[in-house]
Amino acid sequence: MSAEESGGEPRLAPPLTLATGLAAGLASGLLGVGGGIIIVPLLVAFIGLTQHQSHATSLAAIVPIATVGAARFALDGSIDYGLAGLLAAGSLVGAPLGAFLLARSSEGLLKLLFGLLVLAVSAQLLLS
Amino acid sequence: MTAQTVLLVLAAGVLVGVLSSLFGVGGGLLMVPFMVLVLNETQHLAEGTSLLVIVPTAIVGVIAHLRNHFVSFRHALLVAIGGIGGAYLGADIALRIDPVTLTKVFGVFLAAIGIRTTYEGVKSLRA
């Protein structure tokens, strides 16, 4: 049972929470992703946060994590700022649209579709 | 960038935004392959650019969640402390790896996520 359902405060468990951050940060810097895919399930499993709490908390942690990673790539000259501006602008328009659709779709079907999409993209990368 | 590329990138950004809030993932998983496969950028440039895009996107996400009190700032702080060290180290390792090899590493990571998510989807549909 999650902390929210039991009405209690979720435990802090500093060593596990720090380790979750370390693992997510490594993946984030190495692969250029936010790390939420690692943080969200670990906060659910170790800390007992609900899926929604983990998702929201993960976003807050990703802000400094991605900032540090981006700064390291910036030092190397590995950022295209024009491209980043366009992607961010598009993404900020798309996010509320996705949230609107989310409220109207089946979770299992979404997962299946996303899983298949990701598999197709990974095959492209591995075979390219 | 040509006007055509600008429109393509904006459209890709919208799609990334829709898919990431729809599937509850960050945009990086999709943005990095888009830049590498469609725009022919190097893996290093794609990763650096993706991380920069994630910062404002995540800030907007946090603001959207402030009203429902889902953000546990105590946990976020601890994750961030571990995460900052990991992020610097991870980025440093990435920049030492040859970009073509790094694309394959990314591909393996993505394949693992694809397998897990597909499995969860099938399980959830059967339930």
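The paragraphs below set out a description of the structure included in this document. (Residues numbered from 1 in each chain as written. Chains lettered and ligands numbered in written order. Predicted model: local features only at pLDDT ≥ 70, side-chain atom pairs only at ≥ 80, totals over all residues.)

1. Comments concerning the overall build of chain B
Here is step 1: Regarding its fold elements, chain B presents five helices and zero strands.
Here is step 2: The order of α-helices and β-strands along chain B, N terminus first, is α-α-α-α-α.
Here is step 3: Here the C-alpha coordinates of chain B stretch approximately 40 × 40 × 30 Å along the principal axes.
Here is step 4: Partitioning the contacts of chain B with sequence separation of at least 6, the portion at a separation of at least 24 is 45%. (Helix = DSSP H or I, 4+ residues; strand = E, 2+ residues; numbered from the N terminus. Contact = placed C-beta atoms within 7 Å.)

2. As for the packing of helix α5 (residues 81–102) of chain A against helix α3 (residues 43–66) of chain B
Here is step 1: The contact between α5 of chain A and α3 of chain B brings their axes to 9 Å, and the two run at 35°. Here α5 of chain A and α3 of chain B pass one another in a crossing that is right-handed. Of the residues in α3 of chain B, those touching α5 of chain A at Leu-83, Ala-84, Leu-87, Ala-88, Ser-91, Leu-92 and Ala-95 of chain A are Thr-49, Leu-52, Val-53, Pro-56, Thr-57 and Val-60 of chain B.
Here is step 2: For the contact of α5 of chain A with α3 of chain B, the residue count by class is ten nonpolar, three polar and no charged. (Axes fitted to C-alpha atoms, helices over the stretch in contact; angles between N-to-C directions. Left-handed = near helix turned anticlockwise from the far one by under 90°. Nonpolar A, V, L, I, M, F, W, Y, C, P; charged D, E, K, R; others polar.)

3. Here we look at the interface of chain A and chain B
Here is step 1: If you look at the interface, chain A gives 87 residues, while chain B gives 89 residues.
Here is step 2: Among the elements of the structure, α2 (14–31), α3 (36–47), α4 (51–75), α5 and α6 (107–127) of chain A are those that each provide at least two residues to the side of chain A that touches chain B.
Here is step 3: Here the side of chain A that touches chain B gets 20 residues from one element, more than from any other, and that element is α4 of chain A.

4. A closer look at the nonpolar core
Here is step 1: Ranked by size, the top nonpolar core spans 73 residues in total, and within it Ile-39, Ala-61, Ile-65 and Leu-87 of chain A together with Leu-29 and Met-31 of chain B carry the most contacts.
Here is step 2: Of all the elements, α4 of chain A adds the most residues to this core, at ten residues.
Here is step 3: Per-domain counts for this core show at least three residues from each of domain 1 (1–79) and domain 2 (80–128) of chain A.
Here is step 4: Those residues in contact with Met-31 of chain B that lie beyond four places of it in its chain are Leu-87 of chain A together with Val-16, Ser-50 and Val-53 of chain B. (Core = buried A, V, L, I, M, F, W, Y, C linked by C-beta atoms within 7 Å. Buried ≥ 20, exposed ≤ 12 C-beta atoms within 10 Å, placed from the backbone. Domains from an automatic or database assignment.)

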